[in-house]
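Descriptive structure summary
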Amino acid sequence: MRQGGSFARQMLLVRVGRQRGATPVIDAPVPSAPRLPDLDPRSLAQIEALAPVSPAPVATVEASVPPTPPPPIPLLPGDRTVSRRVKFAVVQGCTLASLLLGMTAIMLAVAGADPRLGAACLLACITFDGLDGALARKFGVASPFGVQMDSLGDMTSFGIAAPVVVYAALRGEVPTGVLIGTCALVAACAAIRLARFNVSPKDGRFFCGVPTTMAAAVLALSVLLGLGLPGSVMVAGVALIAIAMVSSFPYAKLVKVFRLPPWLLLLPIFGALLNPRLTFGLVVLAYLLSGPLLWAYQRKHARA
């Protein structure tokens, strides 16, 4: 080792040829390292035992206390008094009633009962669906849980039960594949419409697309009244309603419809007394066409 160290120092002191323009480097003698006294193996072992270890081991501290789980979200926000709990239960009872009536309509259609019974159940679903929202706002017990329950109930009653009842009513009048595809289109569009409604900002003036409740009401009344139209026309109308649910056309809410001039509201009433089927078809067609017309009117005034 001593010979190797002396040889290395000699190599470092070798003069390197100077290049043009380079500053001359003056070789300075490198001081030799101090020579340690020879130690016996026992002393070396003691020194190695006392020498620090590099790098020093990092002490790992294990968490002795498990992380605290987040607190559960209450179903009813605000004061949990007995009165508010009862009101909350009444509202959720209306939602469950709508869902159960939708399931009843499905079972009646599957069992081969009169499709008009299922259609009547759908109209009862619409009644309870309107009650739960109105009561929640009146009682002051609206909650995110109630919103999700209402959406799931609407999907069951209006997104599944309504096309099943339509299938039972039109079975045998049109090809089975066409009827299945049309009813499946209603279910898919209803799911898209409800999901979009849950995540979109609310507009107090218009609906973005035909709401599922109104679409189900149209389908149920069509079955109850028995419009007497050919099966192909009925299937085309069902498909048109499904597409209108997921469209971006603005449709007026019922509150704005009732604010129309009284003479305009009396026309469908007199028409229903004369020919209810024709009047119902014309009212539905007028409402479906109102969306594109209103959309065109808004775009025209936006450009002006």
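Up top you'll find the structure we're talking about.
The text that follows walks through the structure, step by step, so that each part is easy to find. In this text, all values refer to a predicted model and were calculated from it rather than measured experimentally.

**Let's talk about helix H6 (residues 176–199)**
- Compared with the 34 Å implied by 1.5 Å per residue over 24 residues, the 35 Å span of H6 between its first and last C-alpha is a close match.
- Within H6, the full set of buried residues consists of Leu179, Thr182, Cys183, Val186, Cys189, Ala190, Arg193 and Leu194.
- Along its buried surface, H6 packs onto helix H5 (144–170), strand S1 (206–208), helix H7 (212–225) and helix H8 (231–246).

**As for a nonpolar patch on the surface**
- On the surface, Leu260, Trp263, Leu264 and Leu267 cluster together into a nonpolar patch covering about 410 Å² of accessible area.
- For Trp263, the position within the fold is in helix H10 (residues 262–274).

**Focus: empty space enclosed by the protein**
- Evaluation of the coordinates by the stated rule reveals 1 cavity of 30 Å³ or more.
- Computed from the structure, the largest cavity encloses a volume of approximately 30 Å³.
- For the lining of the largest cavity, the secondary structure elements donating two or more residues are H5, H6 and H7.
- Of the residues assigned to the lining of the largest cavity, the class counts are 8 nonpolar, 1 polar and no charged.

**Observations regarding the layout of surface pockets**
- Considering only enclosed or pocket space, the second largest pocket measures out at about 470 Å³ in volume.
- Taken together, 25 residues line the second largest pocket, and the ones lying closest to its centre are Leu227, Leu229, Gly237, Gly281 and Val284.
- When contributions to the lining of the second largest pocket are tallied by element, the ones reaching two or more residues are H5, H7, H8 and helix H11 (276–303).
- Of the residues forming the lining of the second largest pocket, the biggest block, 8 residues, is contributed by H11.
- In the lining of the second largest pocket, the residues fall into 20 nonpolar, 4 polar and 1 charged.

**A word on the environment of Ser222**
- Mapped onto the fold, Ser222 is located in helix H7.
- C-alpha of Ser222 to C-alpha of Arg116: the two residues are 106 residues apart in sequence and 9.6 Å apart in space.
- Those residues in contact with Ser222 that sit more than four places away from it in its chain are Leu227, Met234 and Phe280.

**Focus on the packing of aromatic side chains**
- If you walk through the whole model with that rule in mind, you get 3 aromatic pairs.
- Ring centres of Phe88 and Phe145 lie 6.1 Å apart, and the angle between their planes is 40°; this geometry places the pair in the tilted category. With Phe88 in helix H3 (residues 82–110) and Phe145 in helix H5, this residue pair connects regions lying 57 residues apart in the sequence.
- Given a relative accessible area of 31%, Phe145 falls into the partly exposed group.
- With a centroid separation of 5.8 Å and 65° between ring planes, the pair formed by Phe249 and Trp295 is classed as edge-to-face.

**Brief notes about the packing of helix H4 (residues 115–139) against H7**
- Viewed as axis vectors pointing N to C, H4 and H7 meet at an angle of 150°, and their least axial separation amounts to 9 Å. One element, H4, and the other, H7, form an angle in the roughly antiparallel class. Considering the relative orientation of H4 and H7, their crossing is left-handed. Contact residues: H4 offers Pro115, Arg116, Ala119, Ala120, Leu122, Leu123, Ile126 and Asp129, while H7 offers Thr213, Ala216, Ala217, Ala220, Leu221, Val223 and Leu224.
- For the contact of H4 with H7, the class distribution of residues is 12 nonpolar, 1 polar and 2 charged.

**Quick look at the nonpolar core**
- Ranked by internal contacts, the top residues of the largest apolar core, which has 41 residues, are Leu122, Val210, Leu219 and Met245.
- With 8 residues, H7 is the largest single contributor of residues to this core.
- Leu76, Phe88, Cys94 and Val141 belong to the second-largest nonpolar core, a separate cluster that totals 7 residues.

**Details of the pattern of salt bridges**
- Going through the model one piece at a time under the given rule, you end up with 1 salt bridge.
- For Asp114, the salt bridge identified is with Arg116, shortest N-O distance 3.0 Å.
- Its relative accessible area of 46% is what places Arg116 among the partly exposed residues.

**Some words on H3**
- An ideal rise of 1.5 Å per residue puts 42 Å on 29 residues; H3 measures up with 41 Å between its terminal C-alpha atoms.
- Those residues of H3 that sit buried are Arg84, Phe88, Val91, Gln92, Cys94, Thr95, Ser98, Gly102, Ala105, Ile106 and Ala109.
- Packing partners of the buried residues in H3 comprise H4 and H5.
- A positive backbone phi angle near 85° is found at Gly112, which sits one or two residues after H3.

**Looking at the environment of Val165**
- With respect to the element layout, Val165 can be found in helix H5.
- In this structure, the C-alpha to C-alpha distance between Val165 and Cys121, residues 44 residues apart in sequence, is 10.0 Å.
- In contact with Val165, not counting residues within four places along its chain, are Ala105, Ala109, Pro115, Gly118, Ala119, Leu122 and Val223.

Rules behind the numbers
Residues numbered from 1 in each chain as written. Predicted model: local features only at pLDDT ≥ 70, side-chain atom pairs only at ≥ 80, totals over all residues. Heavy atoms only, no water. Helix = DSSP H or I, 4+ residues; strand = E, 2+ residues; numbered from the N terminus. Expected span 1.5 Å × (residues − 1). Buried < 20%, exposed > 50% of the residue type's maximum accessible area, 1.4 Å probe, protein only. Contact = heavy atoms within 4.5 Å. Patch = residues over 30% accessible without salt bridge, like charges linked within 9 Å, V, L, I, M, F, W, Y side chains within 5 Å. Areas by Shrake-Rupley, 256 points an atom, 1.4 Å probe, with all protein chains shown as cover. Salt bridge = Lys/Arg side-chain N within 4 Å of Asp/Glu carboxyl O. 1 Å grid on protein atoms, 1.4 Å probe; cavity = no way out; pocket = protein on both sides within 12 Å on 5 of 7 lines; lining within 4 Å. Points joined across faces, edges and corners; volume = space filled by probe spheres on them. Nonpolar A, V, L, I, M, F, W, Y, C, P; charged D, E, K, R; others polar. Phe/Tyr/Trp six-rings, centres within 6.5 Å; stacked < 30°, edge-to-face > 60°. Axes fitted to C-alpha atoms, helices over the stretch in contact; angles between N-to-C directions. Parallel < 35°, antiparallel > 145°, perpendicular 65-115°, else oblique. Left-handed = near helix turned anticlockwise from the far one by under 90°. Core = buried A, V, L, I, M, F, W, Y, C linked by side-chain atoms within 4.5 Å.

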